[in-house]
Amino acid sequence: MKILVTGANGFIGRNLIAELKNRGYEDILPYDVDSDPGVLELYTGECEFVFHLAGINRPKDEKEFMEGNFGFTSVLLDRLKEHSNRSPILITSSIQAELDNPYGRSKKAGEELLSSYGKENGSKVLIYRLPNVFGKWCRPNYNSAVATFCNNIANDLPIKINDPEVVMKLVYIDDVVNEFINALCGRENNVGSYCAIPTVHTIKLGRIAELIQGFKDSRRDLMLPDLSDAFTKKLYSTYLSYLPKDGFSYDLKMNIDNRGSFTEFIRTRGCGQVSVNVAKPGITKGNHWHHTKTEKFLVVKGKGCFKFRKYGGDEIIEYHVNGDELKVVDIPTGYVHSIVNEGEEDLVTVIWANEVYDQNAPDTYYEAVEED
C-alpha cells in the first residue's frame, strides 16, 4: 500500500511515519510545506491511502488559518480528483472546530470540504477531532503547554501558568498513531459523524506542571513517579525526551567507608527502593535482622556467601553466590543475616527492599550471625 502523508515533518507526521516503518509499511509518500509542489501531483496519482496531517495553528496573520487549513485541503482534493483517485482520506481536525474563532472556523471549513468531497466521489473520509496532543518530538514554546513545560523545566528555564485550574484534555502521541494505523486497516473508532482517539486524559494545567517538576526533582530525591497511572507514565516518557544533550546522566550519593560503599539508586512510593552495595575483599556486611522489612539481593560481580541464623536459634544457613551465575537471594524477616566477600575483587550486590529507608523507623536491629 502506498501511503501519502501530508505534514510529514510535523509532530504527528514524524511519529506516524516512524511507526508505519516499524510495522513494515515501506511505500510511504511524505509531503510537507517545503516539498516540491510537483511531488504532490505525482503522489496523488499513486497513493492508496491519505493521512492529511498538514495544517496551520500558529500563523503570523489570522488569514493564514484559512489558507493553510482550508486552502491546502482544497488543493489536495483537487489533485486527487484530477487522478480519479478515490483513496480513503484521514484528516486531523481539532475539537476547536466547534468554536467560533479563526482557527476553529478554518478547521470546520476543512472538515466540511472533505465531507462534501467524500459524498461526491465515494471516497471514505475519516475526520479526527483531536484535543491537545503530547509526546516526544513536539515543538516547545509553540502551541503545546506540555511540550513547553517539559522543555523548560528540563532545561532550567521558567514556565508561566496563568490559571493552574484550567482543565486540559490530552491525547498521547502513541495512542494517536496506534488509532491512525487501526484506521488504515479499517478499524477506526467512530463517534457519531467523526472519529476519536479512544484514550483521552483530563487533568488540570497546574497538576501537569507539578508532575513534571517532580520528574526533575526525582534526580535529587530518587523518588520515581507513580508509573501505574497511565497519564503519569506517558508524561514521564515525554519529559525525558526533552533532556538537554549534556543532561542525560546524574550523580548518586555514594556512602563510602573502608569496607566499601552503599548507594541508593531508586525510591518509589509503593514498591520500595533499589540500592547498590559494594564490599571490599574479606569484608562482611550486614549482621542485622528485620521485623517486617524484606530484601532481595543479587550479586552481579565477585564471589560471596550469605549467612543466616533465625533470631534466637543456633543453626547457620549458607548460600554461596557469584556474579557469573545470577541468583536472587531473599532475606526473610526474623533472620539475622550477613554477606561475606569471599573473592579477591569487590563484591557488587544490587539490593531491592520492600520499603523506602526511614531513619526514624529503620526496622534494622544489629546482631552478629555468628560469634567471632
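A few points on the structure. The structure presented is a predicted model; accordingly, all values stated were derived computationally and were not measured.

**Thoughts on the sheet that holds strand E7 (residues 167-172)**
Each strand in a sheet pairs with its neighbour through backbone hydrogen bonds, running either in the same direction (parallel) or in the opposite one (antiparallel).
Then step 1. Ordered by their spatial adjacency, three strands build an open sheet running E6-E7-E10, and the pairing between neighbours is mixed. With one partner strand each, in any of the chains shown, strand E6 (132-134) and strand E10 (201-204) form the two edges of the open sheet. The mean inter-strand angle of the sheet, taken between neighbouring strand axes irrespective of direction, is 45 degrees.
Then step 2. The sheet contact formed by E7 and E10 spans four bridges and is antiparallel. When the sheet's bridge partners are listed, Met168 is paired in E10 with Ile203.
Then step 3. Each of E6, E7 and E10 touches helix H6 (residues 173-184); the most contacted strand, E7, lies at about 55 degrees to it.

**Details of the packing of aromatic side chains**
Then step 1. Scanning the entire structure with this criterion turns up 13 aromatic pairs.
Then step 2. Taken together, a centroid distance of 4.8 Å and an interplanar angle of 50 degrees make the contact between Phe49 and Phe51 tilted.
Then step 3. On the basis of relative accessible area, Phe51 is assigned to the buried category, the value being 0%.
Then step 4. Arranged with centres 5.2 Å apart and planes meeting at 45 degrees, the rings of Phe134 and Tyr172 form a pair that is tilted. Taken together, the residues span a long stretch of sequence, with Phe134 in strand E6 and Tyr172 in strand E7 at a distance of 38 residues. For the pair Phe134 and Tyr172, one class covers both residues: buried.
Then step 5. In this structure, Arg129 is placed above the aromatic ring of Tyr194, and the distance from its NZ or CZ to the ring centre is 3.9 Å.
Then step 6. Arg139 extends its terminal NZ or CZ atom over the ring of Tyr142, reaching a point 4.0 Å from the ring centre.

About the criteria used
- Residues numbered from 1 in each chain as written.
- Predicted model: local features only at pLDDT ≥ 70, side-chain atom pairs only at ≥ 80, totals over all residues.
- Heavy atoms only, no water.
- Pairing = 2+ DSSP bridges.
- Helix = DSSP H or I, 4+ residues; strand = E, 2+ residues; numbered from the N terminus.
- Axes fitted to C-alpha atoms, helices over the stretch in contact; angles between N-to-C directions.
- Contact = heavy atoms within 4.5 Å.
- Phe/Tyr/Trp six-rings, centres within 6.5 Å; stacked < 30°, edge-to-face > 60°.
- Buried < 20%, exposed > 50% of the residue type's maximum accessible area, 1.4 Å probe, protein only.
- Lys NZ or Arg CZ within 6 Å of the ring centre and 35° of its normal.

Functional significance is not addressed by these values, which are geometric in nature.
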